[in-house]
Amino acid sequence: MAKIKNIKGRQVFDSRGNPTVEAEIITDDGRYASAIVPSGASIGSHEAFELRDKKNKKYLNKSVFTAVENINEIISKKLNNFHIFDQKKIDKTLIDLDGTTKKNKLGANSMLAVSIAACKLASNCRNISLFKHLGGTVAKRLPLPLMNIINGGVHANNSLRIQEFMIRPEKPKTFSEAIRMCFLVIQNLKTLINSKNLSTTVGDEGGFAPALKKNEEAIEFILKSIEKSGFKPGKDVSICLDVASNELYKNGKYSVKSPKFEDVEKTMNYYLDLTNKYPIQSIEDPFSEDDWGSWDGFMKFLKENNKKTQIVGDDLFVTNKNRLNKGIKARIANAILVKPNQIGTLTETMDVIELAHKNGYETIISHRSGDSEDTFIADLAVATNSSQIKTGSLARSERVAKYNRLLRIEEELGNSAKIAKV
Ligand code: 2PG
Ligand code: MG
């Protein structure tokens, strides 16, 4: 069985041009694999720690040389000779080596790069696809894409309050059909935005970032594009939002509708108005990470109003099993966004997904707004039978790479490929 011979860390760059960590592992029989970790802009305060060099002026304090050194000097020595198939042992050793709850010592960026590279290398050694290595023979279901086609909030240079305006194809027969549907909507959206003399340059996640002010304007644009593509809004293609409301929260109030802060009741009513008026089927982070009372109230409020909206916890749960466990008991959401770098190892990520599925939660595997050519999350989505993947628009290679990987997976699965339903 192949053993780890060497682990090498290096600083590379992400899609925003910021430094990030890459780890490369080599086995004693000469095989190797590498992984690059992503980085967020709207970061939950309960996320695992991302280690950056606070005193490196040459890189505006954004370099990751300490995290790289942790890989080369500490992790590499500790994991030397470990069996490459022993993912759980590798991850547990990383966790113990760090010894802190938030991975403050080694940095979640150094740990995750190694954890994912190990998984990739194990699949190389078995000569099977990553999704099969990780998910076994039952991994046959492609996720529905949640495509972020208009960018706002901290991901764009416009005044849109809501961070992500997404589309989700409903009941496509195949993944390639789902992508074709998104492609059409995006092309029509581009024409429509152009026709209003607005810019079609894109934001951090590849969605357009026109200088719109009101959330409703963005939604109307998307609605028209869905119709222009020959689809029925809500039936063929629905609209999904990531409010990322941590960024819009101050002293118990929210500025979701406009820059003016409003109380929770008004904010809830605003969401209800939006879902009544538009085919919105999913809302992520409608309330801030520690405002659990509002999340709880919102779930009850939606039930009273007969709404079956998917309510997704991102900054709320931060891919953390303890927070998800509490959330399940408190019934404050029905879906979780899964970002491996929020927690720092693959094993912990898999555990969170398992817990979510056991409790009837939908899982949405997600990129970060600063991402890379690494396509690991595409395989992860199939391996874990997750119903959705959120990885930006059909633009910017770091986003498209994940969709292209899923197209290849669908092809590899051939007749046995299925697509998720929600
Ligand atoms: C989010 C993510 C990804 P960021 O809020 O869901 O879209 O953004 O990586 O900036 O946290
Ligand atoms: Mg989010």
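Read on for an overview of the structure. (Residues numbered from 1 in each chain as written. Chains lettered and ligands numbered in written order. Predicted model: local features only at pLDDT ≥ 70, side-chain atom pairs only at ≥ 80, totals over all residues. Heavy atoms only, no water.)

Within the structure shown, the criterion is met by 24 salt bridges. D96 is the salt-bridge partner of K92, the closest N and O atoms lying 2.7 Å from each other. With K92 and D96 both in helix 2 (residues 87–98) and 4 residues apart, this pair spans about one turn of that helix. Residues D290 and R323 are paired through a salt bridge, measuring 3.2 Å at the closest nitrogen-oxygen approach. Of this pair, D290 sits in the loop between strand 11 (280–284) and helix 8 (292–304) while R323 is found in helix 9 (residues 321–330), placing the two residues 33 residues apart along the sequence. Since its relative accessible area comes to 47%, D290 is described here as partly exposed. What makes R323 buried here is its relative accessible area of 13%. (Salt bridge = Lys/Arg side-chain N within 4 Å of Asp/Glu carboxyl O. Helix = DSSP H or I, 4+ residues; strand = E, 2+ residues; numbered from the N terminus. Buried < 20%, exposed > 50% of the residue type's maximum accessible area, 1.4 Å probe, protein only.)

The next point concerns the site of ligand 1. Around ligand 1 sit 16 residues, and of these A41, E164, E205, S369 and K390 come closest. Residue A41 places a main-chain N or O atom 2.7 Å away from an oxygen atom belonging to ligand 1. With respect to the detected pockets, ligand 1 is housed in the second largest cavity. (Near = heavy atom within 4 Å. Polar contact = N/O pair within 3.5 Å; in protein donor to acceptor, adjacent residues only side chain to side chain. 1 Å grid on protein atoms, 1.4 Å probe; cavity = no way out; pocket = protein on both sides within 12 Å on 5 of 7 lines; lining within 4 Å. Sits in = over half its atoms within 2 Å of the grid points.)

What follows deals with the packing of helix 7 (residues 264–277) against helix 8. Pairs of packed helices are described in terms of their axes, by the angle between the two and the distance that separates them. Put simply, helix 7 and helix 8 touch, their axes get as near as 11 Å, and they point 40 degrees apart. In terms of their interaxial angle, helix 7 and helix 8 are classed as oblique. Crossing hand, helix 7 versus helix 8: right-handed. Counted together, V264, M268, N269, Y271 and L272 of helix 7 and S294, G297, F298 and F301 of helix 8 form the full contact between these two elements. The residue makeup of the contact of helix 7 with helix 8, split by class, is 6 nonpolar, 3 polar and no charged. (Axes fitted to C-alpha atoms, helices over the stretch in contact; angles between N-to-C directions. Parallel < 35°, antiparallel > 145°, perpendicular 65-115°, else oblique. Left-handed = near helix turned anticlockwise from the far one by under 90°. Contact = heavy atoms within 4.5 Å. Nonpolar A, V, L, I, M, F, W, Y, C, P; charged D, E, K, R; others polar.)

Within the protein, the atoms that donate to the magnesium ion (ligand 2) are D242 (OD), E284 (OE) and D314 (OD), at distances of 2.0 to 2.2 Å. Spacing between the donor residues of the magnesium ion (ligand 2) along their common chain follows D-x41-E-x29-D. Separated by 72 residues along the polypeptide, D242 in strand 8 (residues 237–242) and D314 in the loop between strand 12 (310–313) and helix 9 bring together distant segments of the chain. Comparing D242 with D314 shows no difference in burial state: the two are buried. (Donors = N, O, S within 2.8 Å, 3.2 Å for Na, K, Ca; no water.)

Turning our attention to the sheet that holds strand 2 (residues 19–27). Reading across the sheet, the 3 strands line up as 1-2-3 and stay open at both edges, with antiparallel pairing between neighbours. Taken across any chain shown, the strands that pair with only one partner, and hence form the sheet edges, are strand 1 (4–13) and strand 3 (32–36). Sheet twist, expressed as the average angle between the axes of neighbouring strands with direction ignored, equals 20 degrees. Contacts from helix 1 (residues 65–79) reach strand 1 and strand 2, with the element oriented near 175 degrees to strand 1. (Pairing = 2+ DSSP bridges.)

A separate point is the packing of aromatic side chains. Centre distance and the angle of the planes are the two values used to describe a pair of aromatic rings. Tallied over the full model, the rule gives 8 aromatic pairs. Ring centres of Y59 and F65 lie 5.5 Å apart, and the angle between their planes is 75 degrees; on these two criteria the pair is classed as edge-to-face. Judged by its relative accessible area of 31%, Y59 is partly exposed. Of the residues examined, F65 reaches a relative accessible area of 35% and is grouped as partly exposed. For the ring pair Y271 and F287, a centre distance of 5.8 Å and an interplane angle of 85 degrees mean the geometry is edge-to-face. Pair noted here: Y271 is in helix 7 and F287 is in the loop between strand 11 and helix 8, with a separation of 16 residues, a long-range link. You'll find Y271 and F287 in the same group, each marked buried. (Phe/Tyr/Trp six-rings, centres within 6.5 Å; stacked < 30°, edge-to-face > 60°.)

Quick look at empty space enclosed by the protein now. Here the structure, examined in full by the defined rule, presents 3 cavities of 30 Å³ or more. Put simply, the largest cavity is a space of about 140 Å³. Looking at the lining of the largest cavity, the elements with two or more residues in it are helix 3 (108–126), helix 10 (340–343) and helix 12 (376–383). Class assignment for the residues of the lining of the second largest cavity results in 1 nonpolar, 7 polar and 7 charged. (Points joined across faces, edges and corners; volume = space filled by probe spheres on them.)

This paragraph deals with the packing of helix 5 (residues 175–195) against helix 6 (residues 215–228). Relative orientation of the contacting elements helix 5 and helix 6 amounts to 120 degrees, with a least axis distance of 8 Å. Taken as axis vectors, helix 5 and helix 6 run oblique relative to one another. Between helix 5 and helix 6 the crossing geometry is right-handed. Of the residues in helix 6, those in contact with V185, N188, L189, T191, L192 and I193 of helix 5 are F221, I222, K224, S225, I226 and K228.

Here the focus is the sheet that holds strand 6 (residues 147–151). Spatial ordering of the open sheet is given by 5-15-14-13-12-11-8-7-6, a layout of 9 strands whose pairing is mixed. With one partner strand each, in any of the chains shown, strand 5 (144–145) and strand 6 form the two edges of the open sheet. Pairing between strand 13 (residues 335–338) and strand 14 (residues 362–366): 4 bridges, direction parallel. Each residue of the ladder has a partner; that of V338, found in strand 14, is I365.

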